[in-house]
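What follows is the residue order along each chain.
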Amino acid sequence: MISGAEIMVKCLEAEGIKVVFGYPGATICPFYDKLYDSDIKHVLVRQEQNAAHMASGYARCSGSGKPGVCVATSGPGATNLITGIATAYTDSIPLVAITGQVKSSLLGRDVFQEADITGACEPFVKHSYIVKNTEELPRVFKEAFYIASTGRKGPVLIDIPMDIQENEIEGFTYPESVKILGYKPNTKGHAIQIKRAIEAIKASERPVIVSGGGVLLSGVKPKFQTFAERTGIPVISTMMGIGVMPSEHELYLGMLGTHGKPVANRALHEADLVIVCGARLGDRAVAKPHQMSEYNTVIHIDIDPAEIGKNVKTEIPIVGDMKNVMTMLLNEIGDYHVTRQWTETVRTWKNDMFRVPPKFEGFVEPRSLVSKLSSMLRSKAILVADVGQNQIWCANNFRIREGRFLTTGGMGTMGYSIPASIGAKLARPSRDVVVVCGDGSFQMSMNELATIAGQNLAIKIIIMRNHRLGMVRELQDFNYNCRHSATVLEGDPDFLKIAEAYGIDHAEADSNEEAEEIIKKMVKSDKPFILVCNVYPDTPSI
Amino acid sequence: MQYTLSILVENQAGVLSKISGLFSRRGFNIDSLAVGVTADPKVSRITIVANGDEYVVEQLEKQLNKVIPVIKVKRLTDGEFISRELILIKVHCAPSKRSEIIKTAEIMQAKIVDASPDTVTVEYCECTNRVNTLIDMLKPYGIREIVRTGTVAIDRGTTAVSL
Ligand SMILES: Cc1ncc(C[n+]2csc(CCOP(=O)(O)OP(=O)(O)O)c2C)c(N)n1
Ligand SMILES: [Mg+2]
């Protein structure tokens, strides 16, 4: 005989899961008891939301394409997960969230710590289950992992009542395949649309590629770069797409959008053909997306048919996995290359529009520092940016080589960076993992310093301290007559003392020179580090 | 523009709330919704009549297709399907008006299924247009209560919405 809880652990093992992030409570105790005997590593977080963010960071960096796994108890544990789940949903990150639930016989009676978590998460999950029989567990786990990691990736929630975990059944076999009638993601690009796309590319004079997170999620980066290089088509990325090409690549123009690079926006505006690859083009990326196709032809490649034509009018839709579509495009493109004139025009813009940000005496200039930081890290470094001005400074100035840039571009959840970096570091222990966050966002998840210290993870945290919710304050400067309502951070603690309290090495900098000296030492250490950079409060985002 | 969608779904708990939630969340308006099991007891069929322009309908179809237990979504082509709705109407009926109301029901081929000293209840199964006509005709007598099932629809001829 085998209990439901043991089956849960065996399912995770069968999926090859090495690490889970979670926080226990009564209704998930049967599972935790069995996990105790397993080789799966459990990372005890300090708040459940962060368990989901850690699983997200882990999934994004592991390179296996497997979902990250987070675990919480029923009621408040489960509801604490929601923001993390919603973030993964908007960012299309594969996640399996497991929650304990009150006994099946008590469901719907509002007993202690009962929350309708599948109901609450409905808009933020790709799919969810409440398990009603212990026998169903293997099938449900198999399906959940399959759904989360195929098609357009996303979170799947499995809610498991306590009695289902406790009940014992005859034996355990993990299914080898899934059979879900209504779920058959189309991963092959349609041959006719590919042909039309090739014709449109060949006929274009000023094509650009806009790449999103989908290119990274499908693991097609090298092929994607080959395509750009062979055709000479300049590449712009969304925030989630940063890292599809090395930042210094001559064809890469940077991030588009309200907070993007002027040259990227200009190229998009002047283009006669836009090839959108795995991007949703939300309003931050293209301010008036519905107007985009008025001045150019749009080819949109996405694994999710619902994204095509949703925000931007599309002439040539291609539904499919970027991996397959890129192969097909490469096979058909022949010796097409953009005109020398277009290459030259774009290059001129790129050079003309570059400027060095002005410095403020007695402060760290964050944009120059982030730029400098890039060359001080090893080439496969992972930079995790939080949300706010700090995120924009990183997005536009971190020069990525072979590493990753992680942030939440879709949901923009403050507090993402520290937990996500923990997931990233556990997935890639040998790489440099650096967090850049604001003083506001740091305080949204600084409780996880305990997790970092407890696991002795050599994560380096750079706090850009401007004593402000800088990005909102900037918005108030532009749109609300400089009325700084609720954007000054009063009563903040001394972050160095916080670091001290967790036993984490730390330092403070008031100039770029000072910061660079500290970073030099910091990257050599195999311990965590917190660097507090004092930033001039009125430093602009771009 | 009004359109009719036939949706085949796996017959499991929570499917209906997923679908109705999707409508409200994305700001799509439903005129009517009817659900029932198909020949295969594991599969239910939902018929939705809704309003919106081409963009809305297309988005809706795509979003519905993303719901995992949704097996198939088909937009029925105007004029190429038969639709029916069942309605029960309780009408005020003074004794002096009784024969008039019975006459109206007869003209429309509706059935009187119940009566009391001052009401009659009419049953009618027709397409939505004819159902609305009957309602209009009975309105002057004073309607006490209306119950409608919502529209169900099926393709004409041999075409079928199947797995
Ligand atoms: C959870 C959450 N709450 C509120 C916001 C709105 N918001 C966006 S940026 C920002 C300010 C961030 O401040 P800080 O972390 O100090 O970064 P800075 O902009 O100063 O670099 C706020 C409040 C958000 N994105 N996420
Ligand atoms: Mg700040």
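None of the values given here were measured: they were computed from a predicted structure.

What counts, and where the lines are drawn
- Every chain is numbered independently, its residues counted from 1 as its sequence is written.
- Here chains are named by letter from A upward and ligands by number from 1 upward, in the order in which they appear as written.
- Under the rules for a predicted model, residues below a pLDDT of 70 receive no local features and side-chain atom pairs below 80 are neither given nor counted, while totals for whole chains, interfaces and linings still include all residues.
- Note: side-chain values were computed over all heavy atoms of the structure, leaving out hydrogens and water.
- We count a stretch as a helix when DSSP gives it H or I for four or more residues in a row; a strand needs E for two or more, and each element gets its number in order from the N terminus.
- Here the term buried applies to any residue with accessible area under 20% of the maximum for its type, exposed to any over 50%, and partly exposed to those in between, with areas from a 1.4 Å probe on protein chains only.
- To measure how exposed things are, a 1.4 Å probe is used in the Shrake-Rupley method; for residues, cover is taken only from the protein chains shown.
- By this definition, two strands are paired if DSSP reports at least two bridges between them.
- Patches were defined on residues exceeding 30% relative accessible area and lacking a salt bridge, with like-charge contacts within 9 Å and nonpolar side-chain contacts (Val, Leu, Ile, Met, Phe, Trp, Tyr) within 5 Å.
- Salt bridges are identified by distance alone: a Lys or Arg side-chain nitrogen within 4 Å of an Asp or Glu carboxyl oxygen.
- Should any heavy atoms of two residues lie within 4.5 Å, those residues are counted as being in contact.
- Where each domain begins and ends follows an automated or database-derived domain assignment.
- The set of buried Ala, Val, Leu, Ile, Met, Phe, Trp, Tyr and Cys residues whose side-chain atoms join them within 4.5 Å is what this entry labels a nonpolar core.
- Two parts placed together each lose some accessible area; with a 1.4 Å probe, that loss summed over both constitutes the buried area.
- N or O atoms closer than or at 3.5 Å make up a polar contact, with two conditions inside protein: a donor-capable atom paired with an acceptor-capable one, and, for residues adjacent in sequence, both atoms drawn from side chains.
- Under the scheme applied, nonpolar residues are Ala, Val, Leu, Ile, Met, Phe, Trp, Tyr, Cys and Pro; charged residues are Asp, Glu, Lys and Arg; polar residues are all the others, including Gly.
- In this analysis a donor is any N, O or S atom within 2.8 Å of a metal ion (3.2 Å for sodium, potassium and calcium), and since water is not included, sites may seem incomplete.
- Think of each axis as a best-fit line through the C-alpha atoms, taken over the contacting stretch in the case of a helix, with angles from 0 to 180 degrees between the N-to-C directions.

Novice: It is not clear to me how the overall build of chain B should be interpreted in this structure. Could you clarify?
Specialist: Looking only at helices and strands, one finds 4 helices and 9 strands in chain B. Seen in sequence order, chain B has helices and strands lined up from the N terminus as β-α-β-β-α-β-β-α-β-β-α-β-β. Residue burial in chain B is summarised as follows: out of 163 residues, 42% are buried. Carbon and sulfur atoms make up 52% of the accessible area of chain B, which totals about 8,600 Å².

Novice: What is the right way to read the pairing of strand 9 (residues 207-211) of chain A from this model?
Specialist: Consecutive residues of a regular strand have side chains that alternate between opposite faces of the sheet. All names here are of chain A. Most of strand 9 sits inside the fold, with 5 of its 5 residues counted as buried. Here strand 9 shows a buried face lined by P207, I209 and S211 and a second buried face lined by V208 and V210. Summarising the sheet, strand 9 and strand 12 (residues 273-277) pair through 5 bridges and their orientation is parallel. What sits directly across from I209, in strand 12, is I275. Here 3 bridges tie strand 9 to strand 10 (residues 235-237), and the two strands are oriented parallel to one another. Counterpart to V210 in the pairing with strand 10 is I236.

Novice: Is there a simple way to think about a nonpolar patch on the surface in this case?
Specialist: A grouping of A:V472, A:L475 and A:Y480 is seen on the molecular surface, where their side chains present a nonpolar patch of about 290 Å² in accessible area. Looking at where A:Y480 falls in the secondary structure, it is placed in the loop between helix 20 (470-479) and helix 21 (495-501).

Novice: Mind showing me how you'd approach the environment of B:H92 here?
Specialist: All names here are of chain B. Structurally, H92 can be placed in strand 5 (residues 81-92). Classification of H92 as partly exposed rests on a relative accessible area of 35%. Counting along the chain gives 69 residues from H92 to V161, while the straight-line C-alpha distance between them is 41 Å. Non-local contacts of H92, meaning those with residues more than four positions away in its chain, are made with I101, D118, Y141, G142 and R144.

Novice: Looking at this model, I keep getting lost on the domain arrangement of chain B. Mind explaining?
Specialist: How big an interface is tends to be expressed through the accessible area that disappears when the partners come together. Residue and element names in this part refer to chain B. Taken domain by domain, chain B comprises domain 1 (2-76) and domain 2 (82-152). Taking the mean C-alpha position of each, domain 1 and domain 2 sit 29 Å from one another. Each partner contributes residues to the interface: domain 1 has 5 residues there, and domain 2 has 4 residues. The interface formed by domain 1 and domain 2 contains 0 salt bridges.

Novice: Please explain the nonpolar core as it appears in this structure.
Specialist: Nonpolar side chains tend toward joint burial in soluble globular proteins. Residues and elements named next belong to chain A. If you look at the biggest cluster of nonpolar residues, it comprises 89 residues, and the most contacted ones within it are F224, I299 and I462. Three or more residues apiece are contributed to this core by two domains, here domain 2 (191-352) and domain 3 (366-534). Residues in contact with F224, not counting those within four places in the same chain, are I209, S211, V215, V235, V244, M245, C277 and M326. Of all hydrophobic cores here, the second largest spans 53 residues; its members include V19, L157, A424 and I463.

Novice: What's the story with the interface of chain B and chain A in this structure? I'm lost.
Specialist: Taken together, the contact between chain B and chain A spans 15 residues of the former and 17 residues of the latter. With both chains or domains summed, chain B and chain A bury close to 1,400 Å², and 54% of this area falls on carbon and sulfur atoms. On the chain B side of the contact with chain A, B:K18, B:K66 and B:I68 bury the most area, a combined 41% of that side's loss. Joining chain B to chain A, the criterion identifies 2 salt bridges. Between B:K18 and A:E122 there is a salt bridge; the shortest N-O distance is 3.9 Å. Applying the counting rule to chain B against chain A returns 5 residue pairs in polar contact (both at pLDDT 80 or more). Where the side of chain B that touches chain A is concerned, the elements lending two or more residues are helix 1 (15-25), helix 2 (54-66) and strand 4 (70-75) of chain B. The residue makeup of the side of chain B that touches chain A, split by class, is 7 nonpolar, 3 polar and 5 charged.

Novice: It is not clear to me how the coordination of the magnesium ion (ligand 2) should be interpreted in this structure. Could you clarify?
Specialist: Each donor-metal-donor angle would ideally measure 109.5 degrees in four-coordinate tetrahedral geometry, or 90 or 180 degrees in six-coordinate octahedral geometry. Here the magnesium ion (ligand 2) is held by the protein donor atoms A:D439 (OD), A:N466 (OD1) and A:R468 (O), which lie 2.1 to 2.2 Å from it. Given the relative accessible area of 18%, A:R468 is considered buried.

Novice: Can you walk me through the sheet that holds strand 4 of chain B in this structure?
Specialist: Note: strands within a sheet are paired through backbone hydrogen bonds, in either parallel or antiparallel orientation. Residue and element names in this part refer to chain B. Across the sheet, 4 strands lie side by side as 2-3-1-4; this open sheet has antiparallel pairing. Both edges of this open sheet fall to strand 2 (29-37) and strand 4, since each of them pairs with a single strand only. Within the sheet, the average angular offset between the axes of one strand and its neighbour, ignoring direction, is 20°. As paired elements, strand 2 and strand 3 (residues 43-51) share 8 bridges and run antiparallel to each other. Each bridged residue has a counterpart across the sheet, and for V37 the counterpart in strand 3 is S44. Strands strand 1 (2-10), strand 2, strand 3 and strand 4 of the sheet are contacted by helix 1, whose axis makes an angle of about 15° with strand 3. Relative to the sheet, helix 2 contacts strand 1, strand 3 and strand 4, its axis offset from that of strand 4 by approximately 160°.

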